[in-house]
Amino acid sequence: MSATATEPQPTEPPSRVLRAAFRGFAAIEKVGNKLPNPFWLFWILAGVVIVLSAALAAAGVSTVHPGTDETIEVQSLLSKAGLTMMVEGAVENFATFPPLATILVVGFGIAVAEASGLFTTMLRRMVARVPGRYLTFALSMTAMVAHVAGDAAYVTLIPLGALVYRAAGRSPVLGCIVAYVSISAGYDASPALTTTDVLLSGISTAAAHTIDPDYVVTPVANYFFGLASSVLVALVITLVVDKVIARRSDLDPDEPVAALNSAELKAIEVTPEQRRALRVTGLVALGFVALLAAAVIPPASPLRGKGGSIVESPLITGMSLVLCLFFTLLGWVYGRMTGTFRAARDIVDALAEGTRTFAPILVLFFAISQFLAYFKWTNIGNVIAIEGAETLKDLHLSGWTVLVGIAVLITFMNLVITSGSALWALAAPVLVPMLMLIGIEPETTQAVYRVADSVTNCVTPMSPYFAMALGFIQQHKKSAGIGTLASFTIPIAAVVWVAWVAFFVAWYLLGIPFGVS
């Protein structure tokens, strides 16, 4: 049965609060469905920038840079210079778009690891034989690790969650919910570096150049916070699920929970050959990390940066290549040991197949790159950032208050624009420079964005994975509908949002580094 074969039917929730929430989500879905595809949305925004730049330039709108006292005027894209930039610079705008090359390079390595079967086996191994009382945390934490696999985590882990819960004598519906909420609500939290780290850091770097042309946000700029957040989110989900959600009476599937048949057991079991391959691959991973550490430890190492800096070393600034080599090596080792890779040409096939999955994001990147180039050239972003920063200073708001306000704003925006890269490409050119001017580093702004961008993923009907998760649930409970799934995800998301934002504020106030920057 296809995961989305059954048309989701709305169900009437018992709670008045939930009924009101569902009416709100229905309105969001109605509005969101009227929005164009993100590709066209950014071209429409580019058109708005073109018209707005001409109007503001004609009105003589300008501002003064607080650091250099330079007068910054809005430039019209309908001028000769503006039209020349748009036509002659189109290819360069796309080619120099910071996330473009980095996401492709990292994606190559992930494609090899995924094609080898490494990710799927690793996820099965993490949850296959966990004691029942630790099952929710194990599945949730596995989802945090699964973020390495990107959107493929949904396809792999949601049905796996149903199977391992059945194996433990629990409702497979609950297993689907735990897997789905953990992947989506905690999407930007992971104990490992992911393509999201590379993607967002590139956009943040481009935005920071508005204020400081030499500023670099590295892919590991939020790593410490992401690692700690993955444990926090998994713990919060576990507490809410096991103490509240699991006690609901409407979790029962259509058929009584029965023992797994041989085919289902095979789907979650890890064979001795696969276990051995995982052990060897793990040792190779440790060896790879140890080799990098040994190479950068000597003070005179050529892999150190200017003045012997480790933070500015080629290993950090070239993290995309390091991750590509890391995942490619692990995928090759695992694939050779399990037989999924038999010759060097299998690596090339995996790279080609994996590249195809990036086609949609490359198309989107072309539109985003043009919009950002127009926005930057016109100086509209500079004017908004500087004037916005001055307004914030006049209001005398503390840093954490501003950041929480941004978290609220992004949370609601994410209900409609569910693409994390698209939303950050829209918000970063204003938020990053504006907050830099009041002393808040880009790494901090990016970190609070990641919190707000994640949590509402599991409740918005605009997410394609909402429908996918519902389809998997309907395999076990045909009467489930949009209201059923939302009635489970809304309370979990609400608690995760409060806990995660509070955790962020505490982290910020304590002055703990968000990562390597």
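The rules behind these values
- Residues numbered from 1 in each chain as written.
- Predicted model: local features only at pLDDT ≥ 70, side-chain atom pairs only at ≥ 80, totals over all residues.
- Heavy atoms only, no water.
- Helix = DSSP H or I, 4+ residues; strand = E, 2+ residues; numbered from the N terminus.
- Buried < 20%, exposed > 50% of the residue type's maximum accessible area, 1.4 Å probe, protein only.
- Contact = heavy atoms within 4.5 Å.
- Core = buried A, V, L, I, M, F, W, Y, C linked by side-chain atoms within 4.5 Å.
- Phe/Tyr/Trp six-rings, centres within 6.5 Å; stacked < 30°, edge-to-face > 60°.
- 1 Å grid on protein atoms, 1.4 Å probe; cavity = no way out; pocket = protein on both sides within 12 Å on 5 of 7 lines; lining within 4 Å.
- Points joined across faces, edges and corners; volume = space filled by probe spheres on them.
- Nonpolar A, V, L, I, M, F, W, Y, C, P; charged D, E, K, R; others polar.
- Salt bridge = Lys/Arg side-chain N within 4 Å of Asp/Glu carboxyl O.
- Expected span 1.5 Å × (residues − 1).
- Axes fitted to C-alpha atoms, helices over the stretch in contact; angles between N-to-C directions.
- Parallel < 35°, antiparallel > 145°, perpendicular 65-115°, else oblique.
- Left-handed = near helix turned anticlockwise from the far one by under 90°.
- pLDDT = per-residue confidence, 0-100.

### Considerations on the overall build of the protein
Move 1: Helix and strand counts for the protein come out as 23 helices and two strands.
Move 2: Scored against the burial criterion, the 517 residues of the protein give a buried share of 51%.
Move 3: Residue pairs at least 24 apart in sequence account for 80% of intrachain contacts in the protein once pairs closer than 6 positions are excluded.

### Some words on unusual backbone geometry
Move 1: Even without glycine at this site, Asn379 takes up a positive phi of about 75°.
Move 2: Summarising the element assignment, Asn379 is placed in the loop between α17 (359–378) and α18 (380–395).
Move 3: Positive phi, normally seen in glycine, also occurs at His396, with a value near 55°.

### Some remarks on the nonpolar core
Move 1: Leu157, Ile177, Tyr180, Ile492 and Trp500 are the most contacted members of the largest nonpolar core, which totals 126 residues.
Move 2: Counting residues in hydrophobic clusters, the runner-up holds 24 residues, among them Ala149, Val220, Val296 and Tyr334.

### So, the side chain of Thr195
Move 1: Note on placement: Thr195 falls in helix α10 (residues 195–208).
Move 2: What makes Thr195 buried here is its relative accessible area of 17%.
Move 3: When sequence neighbours within four positions are dropped, the list of residues in contact with Thr195 reads Ile103, Val106 and Ile110.

### A word on the packing of aromatic side chains
In this description, a pair of aromatic rings is defined by centroid distance and the angle of the planes.
Move 1: What the rule picks out here adds up to 22 aromatic pairs.
Move 2: Ring plane angle 5° and centroid distance 4.1 Å describe the contact between Tyr154 and Tyr465, whose orientation is recorded as stacked. With Tyr154 in helix α8 (residues 152–167) and Tyr465 in helix α22 (residues 464–474), this residue pair connects regions lying 311 residues apart in the sequence. Like Tyr465, Tyr154 is buried.
Move 3: Between Phe371 and Phe375 the ring centres are 5.8 Å apart and the planes differ by 20°, which places this aromatic pair in the stacked class. Placement of both Phe371 and Phe375 in helix α17 is noted, with a separation of four residues, approximately one turn of the helix.

### Focus on the layout of surface pockets
The probe, sized like a water molecule, is rolled over the atoms to show the empty space still left.
Move 1: The space that makes up the second largest pocket amounts to roughly 970 Å³.
Move 2: Around the second largest pocket sit 32 residues that line it, and Leu193, Tyr223, Val289, Leu323 and Phe326 are the ones nearest its centre.
Move 3: Partitioned by chemical class, the residues of the lining of the second largest pocket number 29 nonpolar, three polar and no charged.

### Here we look at the pattern of salt bridges
Move 1: Counted according to the given criterion, the structure contains two salt bridges.
Move 2: Linking Arg170 and Asp242 is a salt bridge whose minimum nitrogen-to-oxygen distance equals 3.5 Å. Note that Arg170 is positioned in the loop between α8 and α9 (172–185) and Asp242 in helix α11 (residues 223–243), a separation of 72 residues in sequence.
Move 3: A salt bridge links Asp197 to Arg450; the shortest N-O distance between them is 3.0 Å. Of the two residues, Asp197 sits in helix α10 while Arg450 sits in helix α21 (residues 442–455), which places them 253 residues apart along the sequence. Per residue, the accessibility class of Asp197 equals that of Arg450, and both read buried.

### Some details on α21
Within an α-helix, residues lying three or four positions from one another point in the same direction, as the helix has 3.6 residues per turn.
Move 1: Helix length check: α21, at 14 residues, gives a terminal C-alpha distance of 21 Å against a target of 20 Å (1.5 Å per residue), a fit within 8%.
Move 2: Of all 14 residues in α21, 14 are buried; the element is thus mostly enclosed.

### Side note on the packing of helix α3 (residues 80–88) against α17
Move 1: Remark: α3 packs on α17, axes separated minimally by 11 Å, with the N-to-C direction vectors making an angle of 155°. By the angle between their axes, α3 is roughly antiparallel relative to α17. Two packed elements cross with a definite hand, and for α3 against α17 that hand is right-handed. Across from Ala81, Gly82, Met85 and Met86 in α3, the residues of α17 making contact are Ala373, Tyr374 and Trp377.

### Digging into the environment of Leu435
Move 1: When you line up the elements, Leu435 lands in helix α20 (residues 420–436).
Move 2: Note: C-alpha distance between Leu435 and Val402 (33 residues apart in sequence) is 8.9 Å.
Move 3: Setting aside its immediate chain neighbours within four residues, Leu435 contacts Val402, Leu403, Ile406, Ile440 and Thr445.

### Comments concerning the confidence of the model for the protein
Move 1: Per-residue confidence for the protein gives a mean pLDDT of 82, with 87% of residues at or over 70.
Move 2: Averaged pLDDT values over the elements of the protein bottom out at 59 in helix α1 (residues 16–34) and peak at 94 in α11.
Move 3: Predicted confidence is poor over residues 1–11, with pLDDT under 50, and the contacts of this stretch with residues over four places away or in other chains come to 25 contacts.

### Side note on the environment of Gly388
Move 1: As for its placement among the helices and strands, Gly388 is situated in helix α18.
Move 2: Residue Gly388 is classed as buried on the basis of its relative accessible area, which comes to 18%.
Move 3: Taking the C-alpha atoms as reference, Gly388 lies 9.8 Å from Pro433; in sequence the two are 45 residues apart.

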